[in-house]
Amino acid sequence: MKLKYFNLKVILPFFFLILMILLGYSFCREENVRSEFKNEQLVEDFDYLWGVLENEYIFLPVLEERSIDIDNIRRSTREQIIKQKPDIELYYNLLDEMFAKMDYFAHLSLVDWHNYKIYKEHYNSEESPETEWKNVLQNPQTKFIYEQVLSKRNLNYSNVDFSDIEGTYYENQKVLVFRIKSFDPSFLNRNANFISNHVESLGTVQIDHIVFDISGNIGGSDLVWRENIVKVFGGDYEWKYYLYLRNTELMKKYYKNFDVQLIRNQLEQDKIPLFCNQLGLTDYYIVEDEISGILQVNEEAANAKRWVLIDNKVYSAADSFASFCKMTGWATLVGTTTKGDGMGITPLLITLPNTGLLMRFSGTASANEEGDLNAIYGTTPEYYSTKWENPFSTFLRIIE
């Protein structure tokens, strides 16, 4: 059999032509992204960030009422950026310190590497619908700075406790306690069947009470508590609440798929929460939610009285779970008032134009069951702990 013969006089020029095209493409692609910046570019991003906050971050008046000196924080941070070596990690840390001084209020923060991966998985996959979140995450500079720069520096500030759910049965009280320290999205699969499996492992023991201890839980994803907790106990639940916002171009991009209506044209004046005027909120939409689940535990567990333990660290998706329990009666809340900001949708993402870093913050405000701003006053328990008690000891006192 003859080997195939190629005319190198023809092939080589063609090969070099293709190589030059690929190198040229690579060069053009890489010159559009960068990992090193001048001070002027970092200052530009800083000024852009504050322009967005002044126009779009509805909670600035809340921070001012809390005696947080916004002007001083802004001025001093800008001066530090000008003086500091223009390094992306130093810059990132400066912005993080600035947001810390603002209490990270209502999710106001930079997106770190851990949260970037979560957003990418849930909003920027091929299966994800076209949304403004997806549009932002497809920015080439953002992708480069997180996946090629920050990933190697491991800038994580999420403080997530990755401990799995813990189940403990107290025979004397006939109480089953599930300790749930986080609703991080990774738990959706990791702990998917933990509750049903643990109940099954207990056999025929008597269970009068089931306690879900989420004290200290700073949130994650609503899907975790919806799928891994509520649906396990079966039943159908429906509830609704209002979200309030400003009618701006940015909000239109994020809420274009929602039925947004003008507050004063559609909502009765006496039903408008007082904080809407304070925060300059002009529009609202109604969230009508529901959960349906098929029972996955035995009759003993299904008929047990359910309790949820909360404290002042319960935040975001964890507060969302507490709010659901209170609005639907799914469980009784015990402990202290939560940190709040759980009623709403995923925080808005803002791309800083030069660095590609992502800033996030909540774009809507909501009222708790008492009509107060949830981001400040959180979700209140039905049974309060005294200053000498933790939520679990309060629960034990109640059932004695």
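Structure shown above.
Residues numbered from 1 in each chain as written. Predicted model: local features only at pLDDT ≥ 70, side-chain atom pairs only at ≥ 80, totals over all residues. Heavy atoms only, no water.

Let's talk about the pairing of strand β9 (residues 332-335)
Applicable threshold: A 1.4 Å probe rolled over the protein chains alone gives each residue an accessible area, and that area as a share of the maximum for its type sets the label: buried under 20%, exposed over 50%, partly exposed in between. Numbering goes from the N terminus for both helices and strands, where a helix is a DSSP run of H or I of at least four residues and a strand is a run of E of at least two. Only strands joined by at least two bridges in the DSSP assignment are considered to pair. Seen with the strands pointing away from the viewer, any crossover whose path from the first strand over the helix to the second strand runs clockwise is right-handed.
Burial of β9 is two-sided: the residues Thr332 and Val334 facing one way and the residues Leu333 and Gly335 facing the other way are all buried. Note: strand β8 (residues 305-310) against β9, four bridges, orientation parallel. By the bridge assignment for β9, tryptophan 307 is matched with threonine 332. The parallel pair β8 and β9, bridged by helix α16 (residues 317-328), forms a crossover whose chirality is right-handed. As paired strands, β9 and strand β13 (residues 383-384) are joined by two bridges and run parallel to one another. Bridge pairing in β13 links valine 334 to tyrosine 383.

What to know about the side chain of histidine 107
Keep this limit in mind: Contacts are assigned to residue pairs with any non-hydrogen atoms lying within 4.5 Å of each other.
Of note, histidine 107 is situated in the loop between α5 (88-101) and β1 (109-110). Taking relative accessible area as the criterion, histidine 107 reaches 8% and is therefore assigned buried. Residues within four places of histidine 107 in sequence aside, it is in contact with Tyr315, Ser316, Asp341, Pro347, Arg360, Phe361 and Ser362.

Structural notes on the environment of arginine 306
Going by this rule: In the analysis that follows, any N or O atom pair within 3.5 Å is treated as a polar contact, provided that within protein one partner can donate a hydrogen and the other can accept it, and provided that, for residues neighboring in sequence, both atoms belong to side chains.
Secondary-structure assignment places arginine 306 in strand β8. With a relative accessible area of 13%, arginine 306 lands in the buried category. For arginine 306 and glutamate 171, which are 135 residues apart along the polypeptide, the C-alpha to C-alpha distance reads 17 Å. Aside from chain neighbours lying at most four places away, what touches arginine 306 is Ile210, Phe212, Phe233, Tyr237, Trp330, Ala331 and Thr332. At 3.4 Å, the side chain of arginine 306 and the side chain of tyrosine 237 are in polar contact.

Notes on the pattern of salt bridges
Applicable threshold: Throughout this description, the term salt bridge denotes a Lys or Arg side-chain nitrogen within 4 Å of a carboxyl oxygen of Asp or Glu.
Using the criterion set out here, one finds twelve salt bridges in the structure. A salt bridge links glutamate 147 to lysine 120, with the nearest nitrogen and oxygen atoms 2.9 Å apart. A residue pair is termed long-range when its members are at least 10 positions apart, and glutamate 147 in helix α8 (residues 140-153) and lysine 120 in helix α6 (residues 113-123) qualify at 27 residues. We classify glutamate 147 as buried; its relative accessible area is 17%. The salt bridge partner of glutamate 227 is lysine 231, with a shortest N-O separation of 3.0 Å. Exposure remark for glutamate 227: the relative accessible area of 33% places this residue in the partly exposed category. Overall, the relative accessible area of 24% leaves lysine 231 in the partly exposed class.

Concerning the pairing of strand β4 (residues 209-213)
It is a general feature of regular strands that their side chains alternate between the two faces of the sheet. Taking burial as the measure, the five residues of β4 include five buried ones, the bulk of the element. Residues His209, Val211 and Asp213 line one face of β4 and the alternating positions Ile210 and Phe212 line the opposite face, and both faces are buried. Across five bridges, the pairing between strand β3 (residues 175-179) and β4 is parallel. Each bridged residue has a counterpart across the sheet, and for phenylalanine 178 the counterpart in β4 is phenylalanine 212.

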